[in-house]
Amino acid sequence: MTSKKEKVLKELDDWFDDLESKPQPSIYEQMKNESLDEKILRDFHGFAPTIDEKYKDKLPTITPKAQIYITETLKPGEFFRFGVTGGGCSGFNYLLDIDTEIADNDIQFSESPPAIIDNESIKYLYGSEVDLQDHMMNKMLVVKNPSAKASCGCGTSFAIDESLLDQYN
């Protein structure tokens with residue numbers, strides 16, 4: 001007769017053997033199908049940030065300097081994609097990218113240059129402005145976000161000021 005301890009150890013050994021025999025998805029694979037809201041909830045340990053309603057429906061803007069730079073960068077059929085991803089050293093990362101496809105949940109917020117944002121990111125970027133920082137030989141797109149309370153030195157990560165925000169539904 002086996003003891004309870006031996007039975008538990010056997011179950012644990014079987015579990016590890018089973019784990020090794022089946023391919024396990026990477027953390028990236030497990031999280032890639034999460035929505036932005038799910039990623040943010042995970043990053044904030046289940047406490048959803050709330051959204052400042054005074055900026056609601058104020059679409060992001062692009063300064064004239066940034067418009068010129070983005071327009072010169074885009075090829076025919078390309079769009080400037082602006083958005084948010086969960087993570088980063090401050091909780092959120094800005095997404096500043098070039099895309100060739102508009103998804104069903106995208107909102108076009110600029111005609112010149114053609115610029116799009118997804119409907120999940122918009123609530124974190126209401127009232128934001130994309131600008132071009134031009135210093136000597138360096139050019140970089142920067143975001144002025146009225147809902148951000150902090151950002152890191154890289155300029156692509158930010159945190160939301162929870163005192164300004166109401167939960168978005």
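Above this note sits the structure.
Residues numbered from 1 in each chain as written. Predicted model: local features only at pLDDT ≥ 70, side-chain atom pairs only at ≥ 80, totals over all residues. Heavy atoms only, no water.

I tried to follow the sheet that holds strand β6 (residues 129-135) on my own but got confused; where do I start?
In a beta sheet, neighbouring strands are held together by backbone hydrogen bonds and run either parallel or antiparallel to one another. Read from one edge to the other, the open sheet built from three strands follows the order β1-β6-β7, with strand pairing classed as mixed. The sheet terminates laterally at β1 (61-62) and β7 (138-144), the two strands that pair on one side only. In terms of strand pairing, β6 meets β7 through seven bridges, oriented antiparallel. Its bridge partner lying in β7, His-135 is registered against Asn-138. (Pairing = 2+ DSSP bridges. Helix = DSSP H or I, 4+ residues; strand = E, 2+ residues; numbered from the N terminus.)

Got a minute to help me understand the nonpolar core in this structure?
General note: in soluble globular proteins, nonpolar side chains tend to be found buried as a group. Counting 20 residues, the largest nonpolar core has Ile-62, Phe-80, Phe-82 and Leu-141 as the members making the most contacts within it. For this core, the secondary-structure elements that each account for two or more residues are α4 (64-73), β2 (79-86), β3 (92-99), β5 (115-118), α5 (122-125), β6 and β7. Each residue touching Phe-80, except ones within four places of it in the same chain, is listed here: Ile-62, Ile-70, Leu-74, Leu-96, Asp-97, Pro-114, Ala-115, Ile-116, Val-130 and Leu-141. (Core = buried A, V, L, I, M, F, W, Y, C linked by side-chain atoms within 4.5 Å. Buried < 20%, exposed > 50% of the residue type's maximum accessible area, 1.4 Å probe, protein only. Contact = heavy atoms within 4.5 Å.)

When you look at the packing of aromatic side chains in this model, what are you seeing that I'm missing?
This model, assessed by the stated rule, comprises four aromatic pairs. Ring centres 4.9 Å apart and planes at 80° place the aromatic pair Trp-15 and Phe-16 in the edge-to-face group. For Phe-16, a relative accessible area of 40% gives the class partly exposed. Residues Phe-82 and Phe-109 carry aromatic rings whose centres are separated by 6.2 Å and whose planes lie at 55° to one another, so their mutual orientation is tilted. Of the two residues, Phe-82 is situated in strand β2 and Phe-109 in strand β4 (residues 106-110); the sequence distance between them amounts to 27 residues. As far as burial versus exposure is concerned, Phe-82 and Phe-109 are alike and both buried. (Phe/Tyr/Trp six-rings, centres within 6.5 Å; stacked < 30°, edge-to-face > 60°.)

Note that every value here comes from positions in space, so none of it alone points to a role or purpose.
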